[in-house]
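# Observations on the three-dimensional arrangement
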Amino acid sequence: MTNPGRGGSFYDEPQIVDRYLDHRHSRTSSPNYVMEEPALLSELGTVTGLRVLDLGCGDAAIGQTLLNAGCLSYLGLDGSTAMVKAGSTALQGTAGRVELTDIENFSAPPSSFDLILSRLAFHYVEDIESALAACHACLSPGGRLIFTVVHPVLTSYDAETQGKRTNWIVDDYFLKGPRQRNWFGGTVTWFHRTIEDYVRALTTTGFTLTSLRECAPSEERLNGAAAELARRRRVPLFLLLTGTRP
Ligand SMILES: C[S@@+](CC[C@H](N)C(=O)[O-])C[C@H]1O[C@@H](n2cnc3c(N)ncnc32)[C@H](O)[C@@H]1O
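Residues numbered from 1 in each chain as written. Predicted model: local features only at pLDDT ≥ 70, side-chain atom pairs only at ≥ 80, totals over all residues. Heavy atoms only, no water.

### A few points about the overall build of the protein chain
Worth spelling out the cut-off: Helical segments are the DSSP runs of H or I of at least four residues, strand segments are the runs of E of at least two, and each set is numbered from the N terminus. This radius of gyration counts C-alpha atoms alone. The globule rule is 2.2 Å times how many residues there are, raised to the power 0.38. Only protein chains enter the accessibility calculation, which uses a 1.4 Å probe; a residue whose area is less than 20% of its type maximum is buried, one above 50% is exposed, and one in between is partly exposed. Contacts are assigned to residue pairs with any non-hydrogen atoms lying within 4.5 Å of each other. All accessibility values rest on the Shrake-Rupley procedure with a 1.4 Å probe; residue burial counts only the protein chains present in the view. For the purpose of counting charges, residues Lys and Arg are taken to be positive, whereas Asp and Glu are taken to be negative. His and the chain ends are not included. The atoms used to mark charge sites are NZ of Lys, CZ of Arg, CG of Asp and CD of Glu.
Counting its regular elements, the protein chain contains 11 helices and 9 strands. The globule rule puts the C-alpha radius of gyration for 246 residues at 18 Å, and the 17 Å found for the protein chain is close to it. Structurally, the protein chain occupies a C-alpha span of about 45 × 40 × 35 Å along its principal axes. For the protein chain, buried positions account for 53% of its 246 residues. Counted over contacts in the protein chain with a minimum sequence separation of 6, partners at least 24 positions apart contribute 66%. Summed over all atoms, the accessible surface of the protein chain reaches about 11300 Å², with 52% contributed by carbon and sulfur. The distance from the centre of the 23 positive side-chain charges to the centre of the 27 negative ones in the protein chain is 4 Å.

Set out below in structure tokens:
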């Protein structure tokens, strides 16, 4: 491993990918399923005929969903060998594919994609403006970048200096930069930014901000689980932003 604790290589640590994917696909107990995904799917709208790029695609589960919904192509990029293997297996026999690439190194020719997604990966990237500029450069006019990140009220917290969390603490909110996080039994580096920083990064790279969502829990997906709904209503876990290329 060349860069322990950083981005994609973190998910190649023994057992991390399995633990993450178990959690990710655990439906109602997964905040991704009851909070992030419903917001993302409603934001996506129709995808028919779109060329889709997914940055930090993980096991590319969304790829099959988008292909079934009629997107023209799906390319997932991820910096973890284990994730790319899982994604390639999941998309075998479809028009979708997955490649091993770090978001920091990604570029593509102008107008290569109509929709770029990135779900819960940009908070692993230090230089967000360069990543967004690379997205802007390869989107077709009118194309959208839709991304989710761990909500800034959560990334502000630094587990290394503040110890194990016993309650929801928002601290050092305006101190942007790296934070150590215990994550599925390993330690990983996330980069904290404020909501304003994300919005500014979008607009300075040429996007028009067309949506901002905080991914409130879906009552439909929680299907009457009142205690879980009350728990998920306490704290925002995810932030979703959409930038449109004029
Ligand atoms: C929390 S997982 C989300 C995976 C997937 N998007 C999903 O929603 O299930 C974060 C993913 O981002 C990838 N990742 C993190 N930093 C990266 C980087 N700098 N370049 C490429 N991939 C990265 C990880 O390997 C991992 O698959």
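More follows now that the structure is in view.
### Points about the environment of Thr-205
Condition: Here a polar contact means two N or O atoms within 3.5 Å. Within protein one must be a hydrogen donor candidate and the other an acceptor candidate, and residues neighboring in sequence count only if both atoms are side-chain atoms.
Tracing the backbone through its elements, the reader meets Thr-205 in the loop between helix 9 (195-204) and strand 8 (208-213). Residues Thr-205 and Arg-245, spaced 40 residues apart in sequence, show a C-alpha to C-alpha distance of 9.6 Å. Setting aside residues up to four positions removed in sequence, Thr-205 forms contacts with Glu-129, Leu-132, Ala-133 and His-136. Engagement of the side chain of Thr-205 in a polar contact is seen with the backbone oxygen of Ala-201, the distance being 2.7 Å.

### Quick notes on the site of the ligand
What counts here: By convention in this text, a residue qualifies as near a molecule or strand provided that one of its non-hydrogen atoms is within 4 Å of it. Nonpolar residues are Ala, Val, Leu, Ile, Met, Phe, Trp, Tyr, Cys and Pro. Charged residues are Asp, Glu, Lys and Arg, and all others, Gly as well, are polar.
Lining the immediate environment of the ligand, one finds 20 residues, of which Arg-24, Gly-56, Asp-78, Ile-103 and Glu-104 sit closest. Gly-79 places a polar main-chain atom, nitrogen or oxygen, 3.0 Å from a nitrogen atom of the ligand. Here a nitrogen atom of the ligand sits 2.9 Å away from a polar atom, N or O, in the main chain of Ile-103. When isolated, the ligand has an accessible area of 590 Å², and the protein chains bury 97% of it. Listed by contribution, the elements that provide at least two residues to the shell around the ligand are helix 1 (7-10) and helix 2 (16-24). Classifying every residue of the shell around the ligand gives 8 nonpolar, 7 polar and 5 charged.

### Re helix 2
Because an α-helix packs 3.6 residues into every turn, residues spaced three or four apart end up facing the same way. Our working definition: This arc is built from the directions going out from the helix axis to the C-beta atoms.
Every buried residue of helix 2 is accounted for by Ile-16, Val-17, Tyr-20, Leu-21 and Arg-24. Seen from one end, helix 2 has its buried residues packed into an arc of 120°, which puts them on one side.

### What about the pattern of salt bridges?
Which entries qualify depends on this criterion: Salt bridge criterion: a side-chain nitrogen from Lys or Arg within 4 Å of a carboxyl oxygen from Asp or Glu.
Enumeration over the complete set of coordinates arrives at 13 salt bridges. The partner of Glu-228 in a salt bridge is Arg-231, and the shortest N-O contact between them spans 3.1 Å. Highlighted residues: Glu-228 and Arg-231, both in helix 11 (residues 226-232), separated by 3 residues, approximately one helical turn. Judged by its relative accessible area of 19%, Glu-228 is buried. Using a relative accessible area of 44% as the deciding quantity, one classes Arg-231 as partly exposed. Each of Arg-24, Glu-36, Glu-37, Arg-119 and Arg-221 takes part in a single network of salt bridges with overlapping partners.

### Re the UniProt feature "domain: Methyltransferase type" (unreviewed entry) in the protein chain
Put simply, the rule reads: UniProt positions are given in the numbering used here, feature names are shortened, and annotations may be inferred rather than shown by experiment.
In this structure's numbering, the residues bearing the UniProt feature "domain: Methyltransferase type" (unreviewed entry) are residues 53-145. Secondary structure across residues 53-145 comprises 31% helix and 30% strand; the distance between its end C-alpha atoms is 9 Å.

### Regarding the pairing of strand 3 (residues 96-100)
Let me state the cut-off plainly: Two strands qualify as a pair provided that DSSP identifies no fewer than 2 bridges between them. Looking down the strands as they point away from the viewer, one classifies a crossover as right-handed if the path from the first strand across the helix to the second runs clockwise.
Pairing geometry for strand 2 (residues 73-78) and strand 3, over 5 bridges, is parallel. Considered in strand 3, the bridge of Tyr-74 is made with Gly-96. For the handedness criterion, the β-α-β arrangement of strand 2, helix 5 (residues 81-90) and strand 3 is classed as right-handed.

### Quick look at a negative patch on the surface
Here is the rule: Here the term patch refers to residues with relative accessible area over 30% and no salt bridge, with like charges joined within 9 Å and nonpolar side chains (Val, Leu, Ile, Met, Phe, Trp, Tyr) within 5 Å.
A cluster of acidic residues, Asp-102, Glu-104, Glu-126, Asp-127 and Glu-129, forms a negative patch on the protein surface. Among the secondary structure elements, Glu-104 is positioned in the loop between strand 3 and strand 4 (113-119).

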